[in-house]
Amino acid sequence: MRTRTLALAAVSGVALLASATLPATADPAHHAAAPKAAGVKEGSVSAADLLAKVKDCSQISNGKYRSDSETSASIPVCGKNGAVFWKADMDVDCDGQVTSKCNADTDPWFQDDTAFHQSDGKPLNAEKLPYVVVPSSSAIWNYSSAGIKGGGVVAVIYGNKVEYAVVGDTGPNKIIGEASYATAKALGIDPDPETGGAESGVTYILFKNSKVSPIESHGAAVSLGDSLAKKFLQDN
């Protein structure tokens, strides 16, 4: 993950308990590329129902995060039964495999690796796979101690859309609010890694002790995410 400053951006213009796993049963490439009409959600749980459960924050982080390196620290990590969540912006992460949309020419902060890898050992594919970046462990918050792991399921909500992603990368330990090119595109957010993203209005709900296997199967993430989202509504 790269650290994008505001100045540079302006110039550039989970009944599942313990470890929940689910094998891939669908073609991940097909799901990742499937177009979505406005308002269409993945799974059976609506954005409104999920957002209704995260109106209030019970802060579990020891401090708060910045959305970018030049903003003030104002974003807490909040706890719920079976999940943690935060509300932030979305910077676009293109790290991982080199593709036509994600490479050193399209992304000034490009890195050819991700913290978590595919089942074949390769880095994740940000252009094809919806994934979310979590802050590296620090005194503010340790994601692994909170039951969040690589391949864990995340419900990412923007407007009236829900996109299921996986925990795919780690980033700076003081900044929060980043997801892959594929996540942004699926939510109708400009996926350009240099000039795109969303300034605010993105909610990230990470389901504790969940894990998609293999991590690169978006179909598996959607199936597991829908089950976890239903349980989340029941438990909160």
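Structure shown above.
Predicted model, so just to flag it, every value in this text is computed and none were measured.

Visitor: If you had to explain the pairing of strand β8 (residues 198-207) to someone new, which residues and values would you point to?
Guide: For β8, a buried count of seven out of ten residues is recorded, marking the element as mostly surrounded by other parts of the structure. Taken together, the seven bridges between strand β3 (residues 83-93) and β8 define a ladder with antiparallel strand orientation. Looking at the pairing, Ala83 lines up with Phe207 of β8. Bridging between strand β5 (residues 153-158) and β8 involves five bridges; their strand directions are antiparallel. Residue pairing across strands places Val154 opposite Leu206, the latter belonging to β8.

Visitor: If you had to explain the state of the cysteines to someone new, which residues and values would you point to?
Guide: This structure, assessed with the given rule, holds two disulfides. With a sulfur-sulfur separation of 2.0 Å, Cys57 is cross-linked through a disulfide to Cys78. Across the disulfide from Cys57 to Cys78, rotation about the S-S bond amounts to roughly -100°, and the bridge is consequently left-handed. Note that Cys57 is positioned in the loop between α3 (47-52) and β2 (78-80) and Cys78 in strand β2, a separation of 21 residues in sequence. By relative accessible area, Cys78 is classed as buried at 4%. Note on cysteine connectivity: Cys94 is disulfide-linked to Cys102, with sulfurs 2.0 Å apart. One quick way to see it: the torsion about the S-S bond of Cys94 and Cys102 is about -60°, and its sign makes the bridge left-handed. Under the relative-accessibility criterion, Cys94 is labelled buried at 0%. When its relative accessible area of 0% is taken as the criterion, Cys102 is described as buried. Counting only the cysteines that form disulfides, in the order they appear in the chain, gives the pairing 1-2, 3-4.

Visitor: I'd like a description of the environment of Ser136, backed by residues and values.
Guide: Along the polypeptide, Ser136 turns up in the loop between β4 (131-135) and β5. It is 9.1 Å that separates the C-alpha atoms of Ser136 and Asp169, two residues lying 33 residues apart in sequence. Among residues more than four places away in sequence, those in contact with Ser136 are Trp141, Thr170, Gly171, Pro172 and Asn173.

Visitor: I'd like a description of the pattern of salt bridges, backed by residues and values.
Guide: Counting across every chain of the model gives two salt bridges. For the salt bridge of Asp226 with Lys230, the shortest nitrogen-to-oxygen distance reads 3.5 Å. Residue Asp226 and its partner Lys230 are located together in helix α5 (residues 218-235), separated by four residues, close to a single helical turn. Where Asp235 meets Lys231, a salt bridge forms, and the shortest distance between an N and an O atom there is 2.6 Å. One end of the pair is Asp235 and the other is Lys231, both in helix α5 and four residues apart, which spans about a single turn. Judged by its relative accessible area of 16%, Lys231 falls in the buried class.

Visitor: Can you tell me about the packing of aromatic side chains, naming the residues and giving the values?
Guide: Applying the stated criterion across every chain, the model contains three aromatic pairs. With a centroid separation of 5.8 Å and an interplanar angle of 75°, the aromatic rings of Trp86 and Trp141 are classed as edge-to-face. Highlighted residues: Trp86 in strand β3 and Trp141 in the loop between β4 and β5, separated in sequence by 55 residues. Residue Trp86 is classed as buried on the basis of its relative accessible area, which comes to 0%. Look at Phe207 and Phe232: their rings are 6.0 Å apart centre to centre, the planes differ by 75°, and that puts the pair in the edge-to-face class. One end of the pair, Phe207, is in strand β8; the other, Phe232, is in helix α5, with 25 residues separating them in the sequence. Residue classification places Phe207 among the buried positions, given a relative accessible area of 2%.

Visitor: Break down unusual backbone geometry for me, citing the residues and quoting the values.
Guide: Here the bond from Ser213 into Pro214 is cis, since omega is 0°, no more than 30 degrees from zero. When you line up the elements, Pro214 lands in the loop between β9 (210-212) and α5. Phi angles above zero are rare outside glycine, and Asn209 is one such case at about 55°. Judged by relative accessible area, which is 31%, Asn209 ranks as partly exposed.

Visitor: Can you explain the side chain of Glu127? Please cite residues and give values.
Guide: Its place among the elements puts Glu127 in the loop between β3 and β4. No salt bridge is formed by the buried Glu127. Its closest oppositely charged neighbour is Lys128, at 4.4 Å. Side chain to side chain, Glu127 and Thr99 meet in a polar contact 2.4 Å long. Within the structure, Glu127 has its side chain in polar contact with the backbone nitrogen of Lys101 (distance 3.3 Å). Excluding its chain neighbours within four sequence positions, the residues that come into contact with Glu127 are Thr99, Ser100, Lys101, Cys102, Tyr181 and Ala182.

About the criteria used
- Residues numbered from 1 in each chain as written.
- Predicted model: local features only at pLDDT ≥ 70, side-chain atom pairs only at ≥ 80, totals over all residues.
- Heavy atoms only, no water.
- Buried < 20%, exposed > 50% of the residue type's maximum accessible area, 1.4 Å probe, protein only.
- Helix = DSSP H or I, 4+ residues; strand = E, 2+ residues; numbered from the N terminus.
- Pairing = 2+ DSSP bridges.
- Disulfide = S-S within 2.5 Å.
- Contact = heavy atoms within 4.5 Å.
- Salt bridge = Lys/Arg side-chain N within 4 Å of Asp/Glu carboxyl O.
- Phe/Tyr/Trp six-rings, centres within 6.5 Å; stacked < 30°, edge-to-face > 60°.
- Lys, Arg positive; Asp, Glu negative; His and termini not counted.
- Polar contact = N/O pair within 3.5 Å; in protein donor to acceptor, adjacent residues only side chain to side chain.

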